[in-house]
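# Examining the three-dimensional arrangement
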Amino acid sequence: MKLKLLQRILLAYCIPLVFMQCSKEEEEQEPVAQEEPKPEVITDPFYVGLNDKSTLLDYWDIFAKDAIRSGKPDPGAGRVISVFFGTEPDFASGVTADHAGRAFNICDEGTVSFEIIKSFWEDFSIVQRLYTFYHEAGHARYKYRHPCESFECTAAPEDYPIMWLSVLPANTPFEDFLADKENFFKRRWDGVRYFNCEQN
């Protein structure tokens, strides 16, 4: 009798534990909804017209006007402008996964030619697109090089200039771009380097 009573007590105690454990596991397995990053709001009237449907030529127009208002001559004057979408990175040519584009004919004074990798562009925010566009235009028009190549870099800078990376984090604030593009046009960043076109 005592044995049956003891079994019933244990059974009565264990059954709720089993159900509580199952429901606890179910609660833990439910996926938690993650907030999507909020798109950066562009408040500067100069850039406010840019949106997801803006073309590469729209970005070139902004870039050229930005250069002029920053005190530089029209970057397209007397040059053939060729800005286009490329396909996936051609890793055999030296493009790596952290590059969203590539400049061509850098030493040809009569052209400004570069590509933006379309799959990157489609996933980028407007701020990322601005950084990438100005980065590639910096190579193609101003002969800017990266401050250091990946094998030369010993440490990341505290403040990334436009010519450091062509793929920036999605949460990069618009205000950072405004400061960086001023430094870009004035050539004010650590490690300013240029392509040497005297060798060609």
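Since we're looking at a predicted model, the values are computed, not measured.

## A few points about the sheet that holds strand 1 (residues 80–86)
As summarised here, the arrangement of the 3 strands in space is 1-3-2, forming an open sheet in which the pairing is mixed. Where the open sheet ends on each side, the last strands, each with one partner, are strand 1 and strand 2 (101–104). The average undirected angle you get between the axes of adjacent strands in this sheet is 15°. Relative to strand 3 (residues 111–117), strand 2 is paired through 4 bridges, and the arrangement is antiparallel. Within the sheet, the bridge partner assigned to Ala103 lies in strand 3 and is Phe114. Sitting on the sheet, helix 2 (residues 56–69) is in contact with strand 1 and strand 3, with an inclination near 135° to strand 1. Across the sheet, helix 4 (residues 126–142) is in contact with strand 1, strand 2 and strand 3; its angle to strand 3 comes to roughly 145°.

## Focus on the state of the cysteines
Tallying each qualifying case throughout the model produces 1 disulfide. Linked covalently through their sulfurs, Cys107 and Cys197 form a disulfide whose S-S length is 1.9 Å. With the S-S dihedral at roughly -80°, the linkage between Cys107 and Cys197 falls on the left-handed side. Taken together, the residues Cys107 in the loop between strand 2 and strand 3 and Cys197 in the segment after helix 5 (174–186) connect sequence positions 90 residues apart.

Calculation criteria
- Residues numbered from 1 in each chain as written.
- Predicted model: local features only at pLDDT ≥ 70, side-chain atom pairs only at ≥ 80, totals over all residues.
- Heavy atoms only, no water.
- Pairing = 2+ DSSP bridges.
- Helix = DSSP H or I, 4+ residues; strand = E, 2+ residues; numbered from the N terminus.
- Axes fitted to C-alpha atoms, helices over the stretch in contact; angles between N-to-C directions.
- Contact = heavy atoms within 4.5 Å.
- Disulfide = S-S within 2.5 Å.

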